[in-house]
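Spelled out, the chains give:
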Amino acid sequence: MGDGEEPGPGASSWWSRDPHDPWTPPEETRQYVAPDVAPDVAPAAPAGASGEPATALPDARGTSPVPADPPSWGSSSILLEPPARGTPRWTLLLGLAVVVALLAGGLGAVVGAWASDRRAPAVLDPTASLGSAPQATTARPRDSVAGVAARVLPAVVSVDVRTQDGRDTGSGFVIRSDGYVLTNNHVISAAATGGGRIAVEFSDRTSVPARIVGRDRQSDLAVLKVNGVSGLRAVALGRSSALVVGDPVVAIGSPLGLAGTVTAGIISAVDRPVRAGGQGTDTQAVINAIQTDAAINPGNSGGPLVDMQGRVIGVNSAIATLGGLDLGGSAGNIGLGFAIPIDQARSIAEELIRTGRATHPLIGVRAQSLTEAEAEAFGGRRGALVRVVTRGGPAERAGIRPGDLIVAVNGERVSSADDLIVEIRKARVGDSVEITYLRGGAERRVKVTLVSD
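The structure presented is a predicted model; accordingly, all values stated were derived computationally and were not measured. (Residues numbered from 1 in each chain as written. Predicted model: local features only at pLDDT ≥ 70, side-chain atom pairs only at ≥ 80, totals over all residues. Heavy atoms only, no water.)

Description of the overall build of the chain
Regarding its fold elements, the chain presents 7 helices and 24 strands. Buried residues in the chain amount to 38% of all 453 residues. Residue pairs in contact within the chain that sit at least 24 positions apart in sequence constitute 61% of those at least 6 positions apart. Surface exposure of the chain reaches about 25,500 Å², of which carbon and sulfur atoms provide 54%. (Helix = DSSP H or I, 4+ residues; strand = E, 2+ residues; numbered from the N terminus. Buried < 20%, exposed > 50% of the residue type's maximum accessible area, 1.4 Å probe, protein only. Contact = heavy atoms within 4.5 Å. Areas by Shrake-Rupley, 256 points an atom, 1.4 Å probe, with all protein chains shown as cover.)

This is the structure:
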């Protein structure tokens, strides 16, 4: 039958096994599924166009007759096979439409079930209980960070400095119950040199005016006094000479104006020569610093560095930045902070309270660090090269001359001019120290008695 022709008498119905029927596989793969009927009941054959039972049709090769039984739509399964060549396009579309309809129906059922669950009301339990919370306490071990902070925080203050150029905030701590507060010189130097007001704020938010008792540019320390208060909580002072690398420490202060901030870390180095100075301050100090990784930021300056017994072992003074040292500018913490050892700070504070000024031990020389070329002249040795010797001073009396290279003080190696300052300031005025120096390739040792500046 050609395309567009009407089926004639005896032609196959749409459900018969026509070779062009998309539901009929080729002979090699043709399969049938038994209908869901009783095995002893045979289905009636459909009538043909002439009213007679439909006749068998030849198979694709025109040889073996194939029963013209229609497929049962009540069968337990449907087998889909590729259509024979030459299948009309409308039958292909019909088959695809059936598949899409089946898939869409399944998807609709899933979406409907999900939407039904979404619309379902929440299940409430008016008797629900998660149990009672365990009994809580704010008590902490004395040697924990929290225990140390609880003991020291009442003695830590914020130092507020106001000048015509603006406002700065630093930190400090009470060293005597009658109102003496220790802080950094660079925190209050703007008020001391340009005129301004200084106030101290305690942990209970009470703010009291303060005056400068004394300050020392060379050690970067200053002592303040607050009047009209008594019975203040003072810190306990420890000994910085007993520190070793790795000791845990706590830093307390007002970084970025945030009063009462507590950070923790360890001692990461000791006896670190640090030259401290900066814009807006007259501080020109060389600090024999304690290095720590406890977070120290601008505003921490002048606050205490504390051991795990709650004793102050340093005065936080500077932080390292990618551009050098910062005494309180805009740079932030990178894990390298520096504190003045409390052994040095204690003696300076005592002098400032007694006399209003501090003295420093000297040997009577001016020295500088070696350049690479100068180091080669001394066989690669490093030290402090003496440029000027004070007439009649301790060094001259001991026989030291310009051009000598000081390489040790009391057996501690000196690699630079800053190292020499740090080692001399470990001693006190009147102490005798041993100086080791090089002259003409020979190493010599002399005793020098330190004098005050």
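Text resumes after the structure shown.
Points about unusual backbone geometry
Even without being a glycine, Asp220 presents a positive backbone phi close to 60°. Inspection of the secondary structure puts Asp220 in the loop between strand E7 (207-216) and strand E8 (221-226). Of the residues examined, Asp220 reaches a relative accessible area of 0% and is grouped as buried. Of note in the backbone geometry, Asn410 takes a positive phi value of approximately 55° without being a glycine. Inspection of the secondary structure puts Asn410 in the loop between strand E20 (405-409) and strand E21 (412-413).

Digging into helix H7 (residues 417-425)
Counting buried residues in H7 gives 8 out of 9 residues, a clear majority hidden from the surface. Buried residues of H7: Ala417, Asp418, Asp419, Leu420, Val422, Glu423, Ile424 and Arg425, and no others.

Let's talk about the nonpolar core
In this structure, Val152, Phe173, Leu182, Leu221, Ile287, Val315 and Ala345 are the most contacted members of the largest nonpolar core, which totals 32 residues. With 5 residues, helix H4 (residues 342-355) is the largest single contributor of residues to this core. Counting 19 residues, the second largest nonpolar core, distinct from the first, contains Val365, Ala384, Ile406 and Ile424. (Core = buried A, V, L, I, M, F, W, Y, C linked by side-chain atoms within 4.5 Å.)

So, the packing of aromatic side chains
Applying the stated criterion across every chain, the model contains 0 aromatic pairs. Against the face of Tyr180 rests Lys225, its NZ or CZ located 5.4 Å from the ring centre. (Phe/Tyr/Trp six-rings, centres within 6.5 Å; stacked < 30°, edge-to-face > 60°. Lys NZ or Arg CZ within 6 Å of the ring centre and 35° of its normal.)

Side note on the sheet that holds strand E5 (residues 180-183)
Spatially, E3-E4-E5-E8-E7-E6 is the arrangement adopted by the 6 strands of the closed barrel, whose pairing is antiparallel. Between one strand and the next, the sheet's axes are offset by a mean angle of 40°, whatever the strand orientation. Two elements, strand E4 (residues 166-176) and E5, share 3 bridges in a ladder whose sense is antiparallel. Paired with Val174 across the strands is Val181, a residue of E5. Relative to E7, helix H3 (residues 185-194) is tilted by about 95°, and along the sheet it contacts strand E3 (156-163), E4, E5, strand E6 (196-201), E7 and E8. (Pairing = 2+ DSSP bridges. Axes fitted to C-alpha atoms, helices over the stretch in contact; angles between N-to-C directions.)

Looking at the environment of Asp282
Within the secondary structure, Asp282 sits in the loop between strand E11 (261-277) and strand E12 (284-292). C-alpha of Asp282 to C-alpha of Gln218: the two residues are 64 residues apart in sequence and 9.5 Å apart in space. Apart from residues no more than four positions distant in its own chain, Asp282 is found in contact with Asn185, Ser189, Thr193, Arg215 and Arg217. Among the polar contacts listed, one links the side chain of Asp282 to the side chain of Asn185, at a separation of 3.1 Å. (Polar contact = N/O pair within 3.5 Å; in protein donor to acceptor, adjacent residues only side chain to side chain.)

What about the pattern of salt bridges?
Tallied over the entire structure, the rule returns 14 salt bridges. Across the pair Asp160 and Arg162 runs a salt bridge, and its minimum N-O distance is 3.0 Å. Judged by its relative accessible area of 13%, Asp160 falls in the buried class. For Asp418, the salt bridge identified is with Arg275, shortest N-O distance 2.4 Å. In this pair, Asp418 sits in helix H7 while Arg275 sits in strand E11, placing the two residues 143 residues apart along the sequence. Note on Asp418: relative accessible area 18%, which makes it buried. Within the structure, one salt-bridge network assembled from shared partners comprises Asp160, Arg162 and Arg167. (Salt bridge = Lys/Arg side-chain N within 4 Å of Asp/Glu carboxyl O.)

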